[in-house]
Amino acid sequence: MKNNYDVIVVGAGHAGTEAAFAAANMGSKVLLLVTNLSCIAMMPCNPSVGGPGKGHLIREIHALGGVIAKHVDESYLQIRELNESRGPAVRALRAQADKVLYHLIVKKAIEEHENITLLQAEATDILYNGHQVTGVKVITGLSYSCKTVILATGTFLNGKIIIGDQKNPGGPSNESPTHLLADSIQKLGIKIHRLQTATPPRIDGKTINFEGLRALEGHEHIQTFTGLSPRANQRNCYLTYTNDKTIQIIKDNLDISPLKLGNITQHGPKHCPSIDRKVINFPDKDLHQIFIEPESDFHNEWYLQGVTTSMPPHVQELIVHSIEGLENARIVRYGYAIEYDAIQGTQLKKSMELKSVPGLYTCGQINGTSGYEEAAAQGLIAGINAHLASHKKDPFVLKRTSSFIANMIDELVTNERNEPLRVTTSSSEFRLHLRTDNAEERLTKIAYDLGLVKQAQYDQTTNNHKLIQKEIEAMHQQKVRPTKENLAHIVNVLKSDGFKKPTSFAELLSRNEINYKDLEHFGHTCVEDPLLIRKIEIQLKYQNFLDKLKKKMDYSDHLDDMILGDYNYESIQGLSSETLNELNKLQAYSVGQISIMKTLKPGELSLIVNSYKKSSATSHCS
Ligand SMILES: Cc1cc2nc3c(=O)[nH]c(=O)nc-3n(C[C@H](O)[C@H](O)[C@H](O)COP(=O)(O)OP(=O)(O)OC[C@H]3O[C@@H](n4cnc5c(N)ncnc54)[C@H](O)[C@@H]3O)c2cc1C
């Protein structure tokens, strides 16, 4: 067997590259296998990164020392903050990446990393000695040895491309699917199921009539994913709509839609339905938003967000030409759906390791998620843990109160899925705490202790935190006196209520109608950094809500600290046989994990908590 790696990563998509960088940055020798070097960090769907939930993941990956945020900041065509006018929990950045430049930037970063060996080779077999993975065999017949293996094969495993009544073997963007590895995974007794996702047609930019379409420009007043000021001269995206003609065309052809023909599994991402699915679900709705978005500065293909379909080509032509601005559009790639093998996440530990195959980790779309962001987040956790396991160290697990990453992983490894999981802000009841602006405060220290975040990033986070705490402390101390002039300004200019006794700057800022910079009028010396200002405003305006949330978070952490191991659930009186069966199957990591089981019946959690407390009390006495 050739060479001796710590970690072998199979797949250089968004999960695989993040995993490889994490393990390599922590010091592991990594072999990164990919079917085709042009598939590195490929964006087969919309090259958009971020948005509510997904943007939160990107910020958290950056705070934990991951790389996707930096690579997107180096390759975006446009960046905007979504939900600016709404509450801080749902504000999120969204970037339209240049998919060609993004691929090249990631490939170059991999090639330059001293601990990563990149190899174009299709993995065909996972080598397992019955106790532990030992290596990977590739299509050339060569085998490579290692201590841990990470599978990040996306939508390639037994991939099938569906357009109309045609269903043929194929990977994303017509790359070759991989079959042999799928067989090897099944031979290891790992449960496989079929999922699908789809993408819209791509249009030749010179055939789009942009006249009359609403342009959506990039934002320059925000900060990028890594805290930089956005560049000027960003590309525009454009907004148009379907109309009654579009909807009628789809209705007239639903019988030849793969959804009706049945040549596709029904399990696609609910959050990102095809236009066919939208017409089936909302037959009376004619107006659906369509975003026309550039994909790269290096070519003139445009993405039609909102027209995801795998209808036959002639129907796709009719649909596209019925939409304003696309009357003469030329389709350069037809929309398609892809069906692929995925594993049920309940077979995984929170470290992303398979419970049944020690040393084997999986991350990304193969685990039943959809999205570059979800894939990268899992890749980071899998990479960290493969490194730790290769060096005989304890696994790294995040609590649900720490991040959307932990919420996603908990959901994946706890509840079986029959559709790809997408992270949205509603994925966590702690979303007011898990904001995009405080990702560093929540996570960077953890990553610094792991050796994933460098001194400079850690120092900047701790300095910012000290600055904010010092400023908030000062604002509680300093008071505005109820002089005639001050009250006139508060009431007439800031449209806020007067006050009878000296009031702290902190109290004034907690009022909705007063902004931080307004306090300069009363002689307050404000900090200038817009990110620090945002953090100060959120902390003071939402303090009451955050205090209430803290209690819920403490209870969740309390349950997460109840580590289970091989727990005898039979000893718990009052549990239903179904729950008993599910608990024995899941072998949960903690009571916290049990608390999010969808099959749990009311009252059963407290039975488990009480039993846990009793058993740990008894074990302490004995
Ligand atoms: C048609 C389509 C539509 C999509 N629509 C959406 C959407 O609407 N919204 C959304 O959020 N996401 C969507 N996605 C998903 C998004 O592309 C994926 O979530 C993301 O790419 C997953 O990243 P990954 O790293 O898990 O897998 P991928 O990016 O697919 O990377 C897999 C990697 O594994 C490699 N590989 C596979 N098998 C082997 C092997 N045997 N040996 C060596 N290398 C191997 C491949 O070469 C590739 O590098 C879509 C994807 C497709 C294909």
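Rules used throughout
- Each chain has its residues counted from 1, following the order in which its sequence is written.
- Where totals are concerned, whole chains, interfaces and linings use all residues; where local detail is concerned, this predicted model gives features only for residues with pLDDT of at least 70, and gives and counts side-chain atom pairs only at 80 or more.
- Hydrogen atoms and water are omitted, and side-chain values are computed over all heavy atoms in the structure.
- Every angle, taken between N-to-C directions, lies between 0 and 180 degrees, and every axis is a line fitted to C-alpha atoms, over only the stretch in contact when it is a helix.
- Numbering of helices and strands starts at the N terminus; helices are DSSP runs of H or I of at least 4 residues and strands are runs of E of at least 2.
- The hand of a helix crossing depends on one turn: near helix anticlockwise from the far one by less than a right angle means left-handed, and clockwise means right-handed.
- Contact criterion: two residues are considered in contact whenever any of their non-hydrogen atoms come within 4.5 Å of each other.
- Three categories are distinguished: nonpolar for Ala, Val, Leu, Ile, Met, Phe, Trp, Tyr, Cys and Pro, charged for Asp, Glu, Lys and Arg, and polar for the others, with Gly belonging to the last.
- Take a side-chain nitrogen of Lys or Arg and a carboxyl oxygen of Asp or Glu: if they are within 4 Å of each other, that pair is a salt bridge.
- Only protein chains enter the accessibility calculation, which uses a 1.4 Å probe; a residue whose area is less than 20% of its type maximum is buried, one above 50% is exposed, and one in between is partly exposed.
- Nearness is judged by heavy atoms alone; a residue qualifies as near a molecule or strand once a single heavy atom is within 4 Å of it.
- For this analysis, a polar contact is any N or O atom pair within 3.5 Å, provided that within protein one partner can donate a hydrogen and the other can accept it, and provided that sequence-adjacent residues contribute only side-chain to side-chain pairs.
- Accessible surface is estimated by sampling points in the Shrake-Rupley manner with a 1.4 Å probe; for residues, cover comes only from the protein chains shown.
- Think of it this way: DSSP has to see at least two bridges between two strands before they count as a pair.
- Note on terminology: a nonpolar core comprises buried Ala, Val, Leu, Ile, Met, Phe, Trp, Tyr and Cys residues joined through side-chain atoms within 4.5 Å.

Novice: Can you lay out the packing of helix H2 (residues 54–63) against helix H12 (residues 439–450) for me, pointing to particular residues and giving the numbers?
Specialist: Two elements in contact, H2 and H12, have axes separated by 8 Å at closest approach and are oriented at 35 degrees. For the crossing formed where H2 meets H12, the hand is right-handed. The segment H2 lies against H12, with Arg59, Glu60, His62 and Ala63 engaging Ala439, Glu440, Arg442, Leu443, Thr444 and Ala447. Within the contact of H2 with H12, the residues separate by chemical class into 4 nonpolar, 2 polar and 4 charged.

Novice: Summarise the pattern of salt bridges; cite the residues concerned and give the values.
Specialist: Here the structure, examined in full by the defined rule, presents 36 salt bridges. Here Glu416 and Lys191 are joined by a salt bridge, their closest N and O atoms 3.4 Å apart. In this pair, Glu416 is assigned in the loop between helix H11 (404–414) and H12 and Lys191 in the loop between helix H5 (180–187) and strand S12 (192–199), connecting sequence segments 225 residues apart. The exposure class assigned to Lys191 is partly exposed, which follows from its relative accessible area of 45%. Where Asp410 meets Arg400, a salt bridge forms, and the shortest distance between an N and an O atom there is 3.8 Å. Taken together, the residues span a long stretch of sequence, with Asp410 in helix H11 and Arg400 in the loop between helix H10 (372–390) and H11 at a distance of 10 residues. What makes Arg400 buried here is its relative accessible area of 7%. Through salt bridges with shared partners, a single ionic network connects Lys350, Arg400, Asp410, Glu429 and Asp560.

Novice: Now, about the environment of Ser48: what can you tell me, with residues and values included?
Specialist: Relative to the helices and strands, Ser48 is located in strand S3 (residues 48–50). It is 17 Å that separates the C-alpha atoms of Ser48 and Gly364, two residues lying 316 residues apart in sequence. Once you skip the residues sitting within four places of it in the chain, Ser48 turns out to touch Arg94, Ala95, Gln96, Tyr372 and Glu373.

Novice: Summarise the site of the ligand; cite the residues concerned and give the values.
Specialist: For the ligand, the set of nearby residues contains 37 residues, the closest of which are Ala15, Thr35, Ala123, Gln365 and Gly371. In the environment of the ligand, an oxygen atom lies 2.9 Å from a nitrogen or oxygen atom belonging to the backbone of His14. Within the backbone of Ala123, a nitrogen or oxygen atom sits 2.8 Å from a nitrogen atom of the ligand. About the coverage of the ligand: the protein hides 97% of its 980 Å² of free accessible area. If you list the elements that add at least two residues to the shell around the ligand, you get helix H1 (14–25), strand S2 (30–34), S12, strand S19 (336–343) and H10. Here the shell around the ligand is composed, by residue class, of 20 nonpolar, 14 polar and 3 charged.

Novice: Please provide a residue-by-residue account of the pairing of strand S4 (residues 76–82), values included.
Specialist: Taken across its 7 residues, S4 has 5 buried, putting it largely inside the fold. By the bridge criterion, 6 bridges tie S4 to strand S5 (residues 92–97) in an arrangement that is antiparallel. From the neighbouring strand, Gln78 faces S5, where its bridge partner is Gln96.

Novice: How would you sum up the nonpolar core? Please name residues and give values.
Specialist: Residues Ile8, Val10, Leu33, Ile150, Leu151, Leu360 and Ile405 are the most contacted members of the largest nonpolar core, which totals 107 residues. Broken down by element, this core gets its largest block of residues, 10 residues, from H10. Residues in contact with Ile405, not counting those within four places in the same chain, are Leu57, Glu60, Ile61, Leu64, Ala377, Ile381 and Leu398. One finds Ile208, Tyr238, Ile249 and Ile331 within the second-largest nonpolar core, a separate group that totals 23 residues.

Novice: With reference to specific residues and values, describe the sheet that holds strand S16 (residues 289–294).
Specialist: Pairing within the open sheet is antiparallel, and its 6 strands lie in the order S14-S15-S16-S17-S13-S18. Two strands lie at the open edges of the sheet, namely strand S14 (214–216) and strand S18 (331–333), each paired on one side alone. The sheet shows a mean angle of 35 degrees between the axes of neighbouring strands, taken without regard to direction. In this structure, S14 lies alongside strand S15 (residues 237–241), joined through 3 bridges in antiparallel fashion. Bridge pairing in S15 places Arg214 opposite Leu239.

Novice: Which residues make up the pairing of S2, and what values do they have?
Specialist: Among the 5 residues of S2, 5 are classified as buried, and the element is accordingly described as predominantly covered. Relative to strand S6 (residues 116–120), S2 runs parallel, the two sharing 5 bridges. Paired with Leu32 across the bridge in S6 is Leu118.

By themselves, these observations are geometric and do not establish any function.
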